[in-house]
Amino acid sequence: MRTVSLLHESPAATRPAHEALVKFVGLRENPLYFSMLHKTQRDTLMVATRRIGLVMETSNGYFRNIMRGITRFAKPNKPWLIRNAPPRSEAIKTILDWEPDGIIAQVSDSTQARALLALKKPIINVGGALRDPDMVRVRVDDEAIGRMAAEYFLERGFQQFAFIGISHAMYSAARERGFTTMLEQSGYKCLSFYDPATPLMEPLEGTWSVKDEVIAGWLKNIPKPCAVFVTSDTHA
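A brief look at the structure comes next.

Parameters at a glance
- Residues numbered from 1 in each chain as written.
- Predicted model: local features only at pLDDT ≥ 70, side-chain atom pairs only at ≥ 80, totals over all residues.
- Heavy atoms only, no water.
- Helix = DSSP H or I, 4+ residues; strand = E, 2+ residues; numbered from the N terminus.
- Buried < 20%, exposed > 50% of the residue type's maximum accessible area, 1.4 Å probe, protein only.
- Contact = heavy atoms within 4.5 Å.
- Areas by Shrake-Rupley, 256 points an atom, 1.4 Å probe, with all protein chains shown as cover.
- Core = buried A, V, L, I, M, F, W, Y, C linked by side-chain atoms within 4.5 Å.
- Polar contact = N/O pair within 3.5 Å; in protein donor to acceptor, adjacent residues only side chain to side chain.

1. Details of the overall build of the protein chain
In terms of helices and strands, the protein chain carries nine helices and eight strands. Every one of the 236 residues in the protein chain was classed for burial, and the buried ones make up 41%. Across the protein chain, contacts joining residues at least 24 apart in sequence account for 59% of those joining residues at least 6 apart. Entry remark: accessible area of the protein chain is about 13,800 Å², with carbon and sulfur atoms responsible for 56%.

This is the structure:
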């Protein structure tokens, strides 16, 4: 691939600096570096650079790993300027005001979905809370995760099983379906508990202390020993 120097000096003399500048995806918003370019070169760079908005919860390891993957993909040669906001209404408004060329989002509810779709830009949903036919969705195989959990417990000789999930999250239902189907095929049943917390783990009613007491009370009353599959690490 031919490298074209963006600086006033000769290509040979400025190639290292050029490469460093190209890798800096925020080049067009940096006045010092931007002033070093000819007008035609600045115009070219303005066209080439793309704003990519991320809407993800950074407190969650799963979504942090997704962001790492996006960064690794973009770093070698993608002229992307990336900004992230948590999946909250006010933060999403900030991303929308920024007018990104595309969005990769953890879409947690229908209100967020409508707000993002209103931008009329390409959107990829990497969340598992809801199924929206108007968005491309990239997810792990949640049913396969449930099956793997059941296989793990069965291989260790458990005969009593329980599942803790989120009542209205799509990924939770898929994991439970994979888990219980595998158990039923092996001749076992499963007890289930559904937490009404939101997919972002915000309690709808009461406090976390109350929620913990409810789950703890349910666990005390199930037969022992029991293998418990929890839909997310946050609940676990």
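Anyway, onward from the coordinates.
2. Concerning the nonpolar core
Where a protein is soluble and globular, its nonpolar side chains tend to be buried together. Grouped together as the largest cluster of nonpolar side chains are 15 residues, with contacts concentrated most on Val 55, Ile 103, Ala 105, Val 107, Leu 116 and Met 135. Breaking this core down by element, the ones donating at least two residues are helix H5 (89-97), strand S3 (102-105) and helix H6 (110-117). Counting residues per element, this core draws most heavily on H5, which supplies four residues. When neighbours within four sequence positions are excluded, Leu 116 is seen to be in contact with Ile 92, Leu 96, Ile 103, Ala 105, Val 107, Ile 123 and Met 135. By size, the runner-up hydrophobic cluster in this structure holds 11 residues, among which are Ile 52, Phe 63, Ala 74 and Trp 80.

3. Some details on the side chain of Asn 125
Locating Asn 125 in the fold gives a position in strand S4 (residues 123-125). Engagement of the side chain of Asn 125 in a polar contact is seen with the backbone nitrogen of Val 107, the distance being 3.2 Å. A distance of 2.8 Å separates a polar atom in the side chain of Asn 125 from the backbone nitrogen of Gly 127. Look past the residues within four positions of Asn 125 in its chain and what remains in contact with it is Ala 105, Gln 106, Val 107, Leu 130, Met 135, Val 136, Arg 137 and Val 138.

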